[in-house]
Each structure stands twice: as C-alpha cells, then as structure tokens.
Amino acid sequence: MNDTLLIGLYALGAGGVVGLAGAGALRLLRGRSILVHVLVLLVVTVLAVVAGVGTVAHAMFLSTHDLWVVLVTVTASAVISLAVGAVFGSRLAAAAVWAQAARERERHLEAGRRELVAWVSHDLRTPLAGLRAMAEALEDGIIDDPSTVDEYHRRIRIETDRMTQLVDDLFELSRINAGALHLVPTTVPLSEIVSDAIAGVAPLAASRGIRLVAADTGWPLVRAGERELARIVSNLLINSVRYTPADGTVHIAAGHEQDSVWLAVSDTCGGIPDSDLGRVFDVAFRGERARTPGTDGSGGGGLGLAIVRGLVEAHGGRVGVRNTGPGCQFEVRLPAA
C-alpha cells in the first residue's frame with residue numbers, strides 16, 4: 001500500500017510540474033488561435049503521462065533495458081495520441097471558428113434587418129403622411145388654384161412612384177436573401193443592356209446636369225440572366241447619378257479578361273470615406289445621416305447596391321468599389337459567355 005501511494009505521489013509530482021509549465025505556456029499564448037491552444041493542451045496532457053511513467057519507472061530502479069522498453073512504449077503511444085489529437089483538434093478548432101463566424105454573421109444580419117425595418121418604416125411613413133395631407137386638401141376643396149392642384153397631383157405621382165420602387169426593391173431583396181431567385185442564364189450582349197440602362201437613367205441625369213458617357217468599344221458578351229443583369233447596370237448608374245454633383249460625369253466601360261467580364265461605372269462624386277467603403281453594399285446604407293429622400297424624387301431606399309451585390313453573387317461573380325481620383329469606381333466581374 002505504501003509503495004502504491006509513493007508511486008502515485010511520484011506520478012502526481014511529475015505530472016504537476018508539466019501541468020504548471022503548460023499553464024504558463026497557455027497564458028503566454030492566450031492571444032493565439034484556438035488550434036494552438038488545442039495543440040498545447042494535447043502536448044501537455046501527453047507529456048504529463050510520459051513524465052509520470054518515466055519518473056515512476058526510474059524510481060522503481062528498473063534495469064536500463066526495461067526502462068528503455070517503457071520509454072519507447074510510452075513515446076509510441078504519445079506520438080499516436082498527438083497525431084490523432086492534432087487531426088481532430090484542427091477539426092474542432094475549424095468548427096469553433098466557423099460557429100463563431102456564423103454567430104457574428106447572424107448578429108450582423110439581425111442588426112441589418114432591424115435597421116432596415118426602422119429605415120423603411122420612416123421612408124414609407126413620410127411620403128404617406130404627405131399623400132394623405134394632399135389628398136385631404138384636394139378632397140375638401142381647400143386648394144382650388146389650378147396650378148397648386150396640378151402641383152399636388154405631380155407630387156402625389158412622384159411619391160407613389162417612389163413607394164412603388166421601394167416596395168419593388170424590398171421584394172427583390174427578399175427573393176435574393178431567401179434563395180428564391182431563379183436565374184435563366186443566356187448569352188447577353190452587354191452593350192445592349194448598357195444602352196437600355198443609359199436610356200432609362202438619362203432623364204434623371206439630365207435633370208441634375210450630369211453627363212452619361214459610355215465607351216465606344218470593348219463591349220463583350222456575358223453569361224447572365226438578362227433581367228437581373230439589366231437591374232445590376234441600372235442600379236449602378238442610378239447610384240452614381242444620385243451622388244454625383246451637378247455638371248459631373250458618369251462613365252461606364254467594360255472589357256474581357258480570360259474567363260471573366262468586367263463592367264466599371266466611374267463617377268465624380270468626390271470619393272467615399274475609407275470608413276464607409278466596407279459598408280457601401282450593406283442594406284439601407286446611404287452614407288448620410290439624413291434619411292429623407294430628395295425633393296426631386298431621386299432619393300432611394302438604400303437598397304440598390306445591396307441588390308446589386310446579391311444579384312452579382314447569384315451569378316457567381318463579385319462586385320467592389322474603390323476611390324479613383326475625383327470620384328469612385330464600381331466594378332462588377334461576371335462569367336464570360
């Protein structure tokens with residue numbers, strides 16, 4: 001009984017020394033990755049066993065041959081334990097990192113949803129209040145001046161169009177986020193898509209004194225859904241026109257590189273703050289504190305670029321933005337035809 005107690009004390013002492021050293025190592029490595037911590041824990045555990053067995057074997061005055069047999073056996077077991085532990089430890093670390101990233105993404109999405117609901121509620125409530133006031137004034141006959149009546153009718157139409165656009169954007173964004181977007185890719189001439197988009201944005205650009213310039217050549221074919229590609233180009237142009245000052249220029253060009261097609265929309269908006277570059281494609285982000293749309297009807301719901309990113313990624317492409325000289329440039333890359 002005394003020998004058994006003595007052996008236990010020897011093993012506890014040797015293992016305790018290794019454990020204290022491991023605790024110190026973990027403290028020094030507390031800023032490292034989960035995988036590093038898992039590997040250190042495995043090494044400490046195995047070394048504690050090896051130290052305990054080796055100490056007890058030495059205390060038992062084993063012969064040199066028997067001592068080496070014990071050490072070789074323990075070392076082989078330690079190597080196997082470390083190898084298996086490293087493999088499954090790396091998987092555990094990867095799963096932990098993935099779970100953390102998923103939680104962060106879910107929190108980010110939830111915060112975005114709450115922010116979207118608040119902003120959309122504001123964007124709908126404000127024009128609805130104006131529509132009701134104008135409708136009541138017309139219904140009660142308070143306004144009888146023909147020019148004022150015409151102005152009220154014009155404002156009602158503008159606000160109705162704006163709310164219709166906002167609802168359409170919300171519907172498109174919900175389809176993208178829900179995975180309900182079904183693409184029908186075809187070979188599309190990019191020049192035709194851009195030409196139609198420019199024609200649609202031209203009235204807004206003209207009212208703001210902004211020139212739309214398209215490259216003369218270099219328009220490739222692209223493999224994409226025609227309706228979705230038209231939405232991408234139109235949203236990018238509308239966004240650039242909205243944020244470009246009067247007498248500015250919006251330039252659009254495209255090209256072909258290996259297996260991809262790029263489309264670039266450049267403007268003279270003055271650039272985007274570096275702190276906002278990573279948020280440009282977030283839902284409901286406008287880069288300004290004022291949420292009330294402009295009186296000219298050019299204001300948007302802050303969903304256009306989020307829809308662009310969703311549609312581009314649905315095609316297996318990518319979209320980015322960077323500051324270039326007097327403004328910024330949005331670049332889309334899609335699979336080539």
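Look above for the structure.
An account of the accompanying structure is given in this report. Please read these numbers as outputs of a predicted model, since none were measured by experiment.

1. Some thoughts on the overall build of the chain
What the chain contains, in helices and strands, is eight helices and seven strands. At 33 Å, the chain has a C-alpha radius of gyration far larger than the 20 Å of a compact globule built from 337 residues. Its C-alpha atoms give the chain principal-axis dimensions of roughly 115 × 55 × 40 Å. A burial count over the chain gives 33% of its 337 residues as buried.

2. Here's the deal with the environment of Ala102
By the secondary structure assignment, Ala102 is in helix α3 (residues 64-140). Classification of Ala102 as partly exposed rests on a relative accessible area of 30%. The spatial distance from the C-alpha of Ala102 to the C-alpha of Leu181 is 23 Å, given a sequence separation of 79 residues.

3. Side note on the nonpolar core
Grouped together as the largest cluster of nonpolar side chains are 47 residues, with contacts concentrated most on Leu229, Val233, Leu237 and Phe330. Other than its neighbours up to four places away in sequence, Val233 contacts Ile193, Val194, Ala197, Ile252 and Leu263.

4. What about the packing of aromatic side chains?
On inspection of all chains with the given rule, the structure shows one aromatic pair. Their ring planes at 90 degrees and their centres at 6.0 Å tell us that Phe281 and Phe330 sit as a pair that is edge-to-face. Taken together, the positions of Phe281 in the loop between α7 (274-277) and α8 (304-314) and Phe330 in strand β7 (residues 327-335) put the pair 49 residues apart, joining distant regions of the chain. Of the two residues examined, Phe281 and Phe330, each falls in the buried class.

5. Quick notes on the side chain of Ser240
Along the chain, Ser240 falls in helix α6 (residues 226-243). Setting aside residues up to four positions removed in sequence, Ser240 forms contacts with Val250, Val265, Asp267 and Phe330.

6. Some thoughts on the packing of helix α4 (residues 146-177) against α8
Viewed as axis vectors pointing N to C, α4 and α8 meet at an angle of 35 degrees, and their least axial separation amounts to 10 Å. At the point where α4 passes α8, the crossing takes the left-handed sense. Two secondary-structure elements touch here, α4 through Asp169, Glu172, Leu173 and Ile176 and α8 through Ala306, Ile307, Gly310 and Leu311. Here the contact of α4 with α8 is built from residues that sort into five nonpolar, one polar and two charged.

7. Considerations on unusual backbone geometry
Although it is not a glycine, Asp247 sits at a positive phi angle of roughly 65 degrees. Counting through the fold element by element, Asp247 comes out in the loop between α6 and β4 (249-257). With a relative accessible area of 69%, Asp247 lands in the exposed category.

8. Brief notes about the pattern of salt bridges
Using the criterion set out here, one finds 13 salt bridges in the structure. One salt bridge in this structure joins Asp161 and Arg157, with 3.3 Å as the shortest N-O distance. Taken together, the positions of Asp161 and Arg157, both in helix α4 and four residues apart, correspond to about one turn of that helix. With a relative accessible area of 47%, Arg157 lands in the partly exposed category. Between Arg231 and Asp169 there is a salt bridge; the shortest N-O distance is 2.4 Å. Placement of Arg231 in helix α6 and of Asp169 in helix α4 is noted, with a sequence separation of 62 residues between them. Asp169 matches Arg231 in its accessibility class, with the two residues each being buried. Connected through salt bridges with shared partners, the residues Asp169, Glu172, Arg175, Arg227, Glu228 and Arg231 form a single ionic network.

Rules and cut-offs
Residues numbered from 1 in each chain as written. Predicted model: local features only at pLDDT ≥ 70, side-chain atom pairs only at ≥ 80, totals over all residues. Heavy atoms only, no water. Helix = DSSP H or I, 4+ residues; strand = E, 2+ residues; numbered from the N terminus. Rg over C-alpha atoms; globule rule 2.2 N^0.38 Å. Buried < 20%, exposed > 50% of the residue type's maximum accessible area, 1.4 Å probe, protein only. Core = buried A, V, L, I, M, F, W, Y, C linked by side-chain atoms within 4.5 Å. Contact = heavy atoms within 4.5 Å. Phe/Tyr/Trp six-rings, centres within 6.5 Å; stacked < 30°, edge-to-face > 60°. Axes fitted to C-alpha atoms, helices over the stretch in contact; angles between N-to-C directions. Left-handed = near helix turned anticlockwise from the far one by under 90°. Nonpolar A, V, L, I, M, F, W, Y, C, P; charged D, E, K, R; others polar. Salt bridge = Lys/Arg side-chain N within 4 Å of Asp/Glu carboxyl O.

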